[in-house]
Amino acid sequence: MKKTMTRWFALALCAQFALSACTTINPYTQEKQVSKAAIGAGVGALGGAAIGLITAKSKDRQRNALIGAGVGALAGGGVGYYMDVQEAKLRQRLGNSGVSVTRVGDQIMLNMPGNVTFRTDSSDISADFYEVLNSVAIVLNEYNKTTIDVIGHTDDVGAESYNQQLSERRARSVAEYLAGQKVLPERLLIAGRGETQPIASNSTPEGRSANRRVTIQISPIVQN
């Protein structure tokens, strides 16, 4: 037992040293952060074992578990203000990033185009996009009374079943990256919509590019 504990302590210490030694400045936030190389190497180990698929039952369980864990819930007029401030901060940090911020009622939607998030036919996040996701994570961590649905989409090129799986893998990659940036994994749920929810025509290259995307839906945890 003593040897096992010593081994785990040594691994944790090495990991901490490696991450602290590889820092850079985020151009969107002007804050110090772990470098792309260190993040890329560590995201798989840090990512969320608690991240599951979105279902009606899972949403109820998620809300109750988060409130029970002390995250808390919003009430009354405070909901709108809380989301207003969060929206403003996301718009400020994500300017010129390629990510659009849309407000729908009390929900915030982030649209992450595939041409800046993933290489073609890959679920590995492009290294240049790490810094943008870091900026998203900073706001999500500051405003933690929310749930986060990460949803993958594809165009209609290829088999429908393959596109469904690819969309799920891409959603999970983004969710696990955010978990690696200290976003509470229990706040994160994923879904893949495959080719079923296009936002443009798949008959043109531009339309297909628009349909290859990951969206993040940020919803307030509201008291019943």
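Residues numbered from 1 in each chain as written. Predicted model: local features only at pLDDT ≥ 70, side-chain atom pairs only at ≥ 80, totals over all residues. Heavy atoms only, no water.

Trainee: I would appreciate a short explanation of the nonpolar core in the present structure.
Mentor: If you look at soluble globular proteins, the nonpolar side chains tend to sit buried side by side. Within the largest apolar cluster, 37 residues are counted, with the highest numbers of intra-cluster contacts made by L110, V150, V174, L178, L188 and I216. Put simply, the parts of the chain that give this core at least two residues each are α4 (78-93), β5 (107-113), α6 (130-142), β6 (146-153), α7 (160-180), β7 (188-192) and β8 (213-220). The element that contributes the greatest number of residues to this core is α6, accounting for 7 residues. Beyond its immediate stretch of four places on either side in the chain, V174 contacts F118, I125, L133, V150, V214 and I216. (Core = buried A, V, L, I, M, F, W, Y, C linked by side-chain atoms within 4.5 Å. Buried < 20%, exposed > 50% of the residue type's maximum accessible area, 1.4 Å probe, protein only. Helix = DSSP H or I, 4+ residues; strand = E, 2+ residues; numbered from the N terminus. Contact = heavy atoms within 4.5 Å.)

Trainee: What exactly am I supposed to notice about the pattern of salt bridges here?
Mentor: Where side chains of opposite charge bring their charged atoms close, a pairing between them can arise. Across all of its chains, the model carries 9 salt bridges by this definition. The partner of K89 in a salt bridge is E142, with the nearest N and O atoms 2.7 Å apart. Of this pair, K89 sits in helix α4 while E142 sits in helix α6, placing them 53 residues apart in sequence. A relative accessible area of 27% means that K89 is categorised as partly exposed. For E142, a relative accessible area of 41% translates into the label partly exposed. Here D106 makes a salt bridge to R103, at a shortest N to O gap of 3.9 Å. By relative accessible area, which is 23% here, R103 ends up partly exposed. One salt-bridge network, in which partners are shared between bridges, spans D84, E87, R91, R103 and D106. (Salt bridge = Lys/Arg side-chain N within 4 Å of Asp/Glu carboxyl O.)

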